[in-house]
Amino acid sequence: MTAPGTRGRAFVYGDNVDTDMLAPGLYMKFGIAEIAKHCLEAIDPDFAKTVRPGDVVVGGENFGMGSSREQAVMALRELGVRTVIAKSFAGLFFRNCVNLGVAPLVCAHAGEIAAGDALDADPLAGTIRNARTGAVYPCEALPAHLLAMLEDGGLMPHLEKKLKRGAA
Amino acid sequence: MASTLALKILARASGVPALRQGEIATCKVDLAMMHDSGGPRRVKPMLEKLGVGVWDPSKIVLVTDHYVPAVDAESAAILDLTRKWAAANGIARFHDMQGICHVILPENGYLKPGMFAVGGDSHSPTGGAFGAYMFGIGATEMAGVLATGEIWVRAPGTHLVRWTGALGKGVSAKDIMLKLCRAMTLSAVKYDVVEFAGPAIEKLPMIERLVLANMSAELGAQTGLIAPDAVTRDFLAGKGVELADADLARWRSDPDAEFTRTWTFDAAELAPQIAAPHSPENSDAAAAHKGTRIQQAYIGACTGAKLVDLHMAAAVLKGRKVAAGTRLLIAPASQRTTTEAAADGTLATLLGAGAILLPTGCGACAGYGAGVLAEDETCLSSTARNFKGRMGHPKSRVYLGSPYSVAAAAVAGEIVDPREFLA
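Residues numbered from 1 in each chain as written. Chains lettered and ligands numbered in written order. Predicted model: local features only at pLDDT ≥ 70, side-chain atom pairs only at ≥ 80, totals over all residues. Heavy atoms only, no water.

### Notes on the layout of surface pockets
Here is the rule we go by: Put plainly, a pocket is an open set of points on a 1 Å grid over the protein atoms alone with protein on both sides within 12 Å along at least five of seven lines, a cavity is a set where a 1.4 Å probe fits but cannot get out, and a lining residue has an atom within 4 Å of a point. Grid points are joined across faces, edges and corners, and a volume is the space filled by probe spheres set on the points. The way it works is that DSSP assigns letters per residue, a run of H or I at least four long becomes a helix, a run of E at least two long becomes a strand, and they are numbered from the N terminus. Here the term charged refers only to Asp, Glu, Lys and Arg, the term nonpolar to Ala, Val, Leu, Ile, Met, Phe, Trp, Tyr, Cys and Pro, and the term polar to all other amino acids, Gly among them.
Its volume calculated, the largest pocket comes out at about 630 Å³. Considering the residues around the largest pocket, the lining is formed by 23 residues, among which Phe94, Val106 and Glu140 of chain A together with Arg154 and Lys190 of chain B are closest to the centre. Taken together, the elements giving at least two residues each to the lining of the largest pocket come down to α5 (91-99) and β4 (103-106) of chain A together with β7 (150-154) of chain B. Residue composition of the lining of the largest pocket, by class: 13 nonpolar, four polar and six charged. In this structure, the second largest pocket spans a volume of roughly 350 Å³. In terms of lining residues, the second largest pocket is bounded by 16 residues, among which Met149, Leu155 and Lys162 of chain A together with Ile151 and Trp152 of chain B are the most central. Those elements that place two or more of their residues in the lining of the second largest pocket are α6 (144-152) and α7 (155-167) of chain A together with β1 (24-28), α5 (139-148) and β7 of chain B. In terms of residue class, the lining of the second largest pocket is made up of eight nonpolar, five polar and three charged.

Shown next as structure tokens:
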């Protein structure tokens, strides 16, 4: 997950960014490296070429609607995106994000973020600081069990820890 | 405490007397369904890393539907891995190339009221048509379920969606859902539950009710429920599953249950609906899109290629021909669908009109299988989603409609109100 203080540039999109944009069906039979090259190409052909580790994707309402394919999250993670900010998320995509250690931050102020803004996102504190404007946006608090999962890096490392503890 | 159907099922599955909206519950899974795309090829390495096997092979249903039949080395390898995993893990309920997972479950009587089930596919709410709480999850979360037999749920609110009256000729469950995508929008439900009720819903056969629950996914619902009734009981009896009166009485929302919102619509006023690119929300009466030329008409997927869907298409196509310059592709939702359509003469009608029969499976719906679109092509499809690039090239255009509407457009070469062909 995003280490506190990590700064990333904002890539800003609108409402209803869907899973087929994030992980197009035509490439789903391939590994994640290939799928990631086509991430968001239907709405931003330059995204996969220009995004850098630590950058942040920002959407409007219902981000991630559509399929259960978690390659939609994995493609972003493959490209180094560890935080997604939106006014609201599709429920299934939201779960997939946490399961894969990518922080989904629900933020009513997502619309105030402009493309290229430098953002400091802190999922644990539930805040986003916009370095361009100086504004600090509060996010909806994640429930404790999901914060714990995010802190462990996702569901699998979280379960590994739990199973080990159970066996000990 | 008065409770919704959703909360009753979740309370049962989490072993508590009652749940309040917003509580986090850990539920025991009664059935876990996976397919070849999100299934073994993804969960196998995760389970190996955890060093655990599946918690209960008898609760798992595995289906190959996304990459069938194999067309290249990658898809063949995915199917091969799936078959080997099924054998190695003792999965008895493995349905290989028999149809789409959301249709395989009802066909085999695997779902019944009050069950708590997960599926590795976003259209898993389809199971809600039986009054089962079924929802879609990603592969990592499926690996978690396979390892532990449990999953967390936030106790949801319920949107009650009532349809009064009765559907007119040439209007179907698909039209109900396209209408709702516009009226309710895709972002209003926010992962709460949708429960369908009212006289128009009670009149629908099980196979049509599946469409309502299926496209609850488009409304952003975690699942879409229909309380079981005599229609449910008769359908399941045909599958060898007996429901007691107590099951029907138990699995319904209490009369004084609190709903997040109640929506009411009149089925008698509903015209055939078409959703324009690139969202199911862009729906309107078919007549409003009259004259839109199409190159492809597609009848396929869990949403729109079951036996009743093929019957709708045949009602339009009987004695007619697909227009020159338009192709009509039909990928039946299951092998049983194809067999039954062959036996009752439906297939002969479709083929006689010039339809091209594709293998059963998810096909072109999500751009995986045969029938994908070229740049600038336009398709009218009986599937559930028309996101940008979903059925092929990012610059192709997908309209959504009922099988009636798709068949009518195939004959006309352009979108029309299908009732023109159903006099």
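### Regarding the interface of chain A and chain B
The following threshold applies: By definition, residues are in contact when any of their heavy atoms lie within 4.5 Å. Accessible surface is computed with a 1.4 Å probe, and the buried area is the amount of it that two parts give up when combined, taken over both parts together. Within this document, salt bridges are pairs made up of a side-chain nitrogen of Lys or Arg and a carboxyl oxygen of Asp or Glu, the two lying within 4 Å of each other. The definition of a polar contact used here is a pair of N or O atoms within 3.5 Å, where within protein one atom must be able to donate a hydrogen and the other to accept one, and adjacent residues in sequence count solely through side-chain atom pairs.
Counting residues at the interface gives 34 residues for chain A and 43 residues for chain B. Looking only at chain A, the three residues that lose the most surface to chain B are Lys29, Arg95 and Met156 of chain A, adding up to 22% of its buried area. At the surface where chain A touches chain B, the tally comes to six salt bridges. Counting across the chain A and chain B interface gives 17 residue pairs in polar contact (both at pLDDT 80 or more). For the side of chain A that touches chain B, the secondary-structure elements that each account for two or more residues are α4 (71-78), α5, α6 and α7 of chain A. For the side of chain A that touches chain B, a count of residues per class yields 14 nonpolar, twelve polar and eight charged.

### Focus: the packing of helix α6 (residues 173-184) of chain B against helix α8 (residues 206-214) of chain B
Residues and elements named next belong to chain B. Where we set the bar: Only C-alpha atoms enter the line fits that serve as axes; for helices the fit covers just the stretch in contact. Angles between N-to-C directions range over 0 to 180 degrees. Geometric relationships in this document are graded by angle, where less than 35 degrees denotes roughly parallel, more than 145 denotes roughly antiparallel, 65 to 115 denotes roughly perpendicular, and other angles denote oblique. Handedness of each helix crossing follows the sense of rotation of the near helix against the far helix: counterclockwise by less than a right angle gives left-handed, clockwise gives right-handed.
Between α6 and α8, whose axes approach to 8 Å, the crossing angle comes to 15°. One way to sum up the angle between α6 and α8 is to call them roughly parallel. Crossing geometry of α6 relative to α8 is assigned as right-handed. Side by side, α6 and α8 meet where Ala173, Lys174, Ile176 and Met177 of the first sit next to Glu208, Val211 and Leu212 of the second. In terms of residue class, the contact of α6 with α8 is built from five nonpolar, no polar and two charged.

### Quick word on the sheet that holds strand β6 (residues 133-136) of chain B
Residues and elements named next belong to chain B. Stated precisely, the cut-off is as follows: At least two bridges found by DSSP between two strands is the condition for calling them paired.
Across the sheet, which stays open at both edges, the five strands sit in the order β4-β3-β2-β5-β6 with parallel pairing between neighbours. Lying at the two open borders of the sheet, with one neighbouring strand each, are β4 (94-96) and β6. Taken over all neighbouring pairs, the strand axes of this sheet differ in orientation by 15° on average, direction set aside. Relative to β6, strand β5 (residues 116-119) runs parallel, the two sharing four bridges. Bridged to Val118 within β6 is Phe135.

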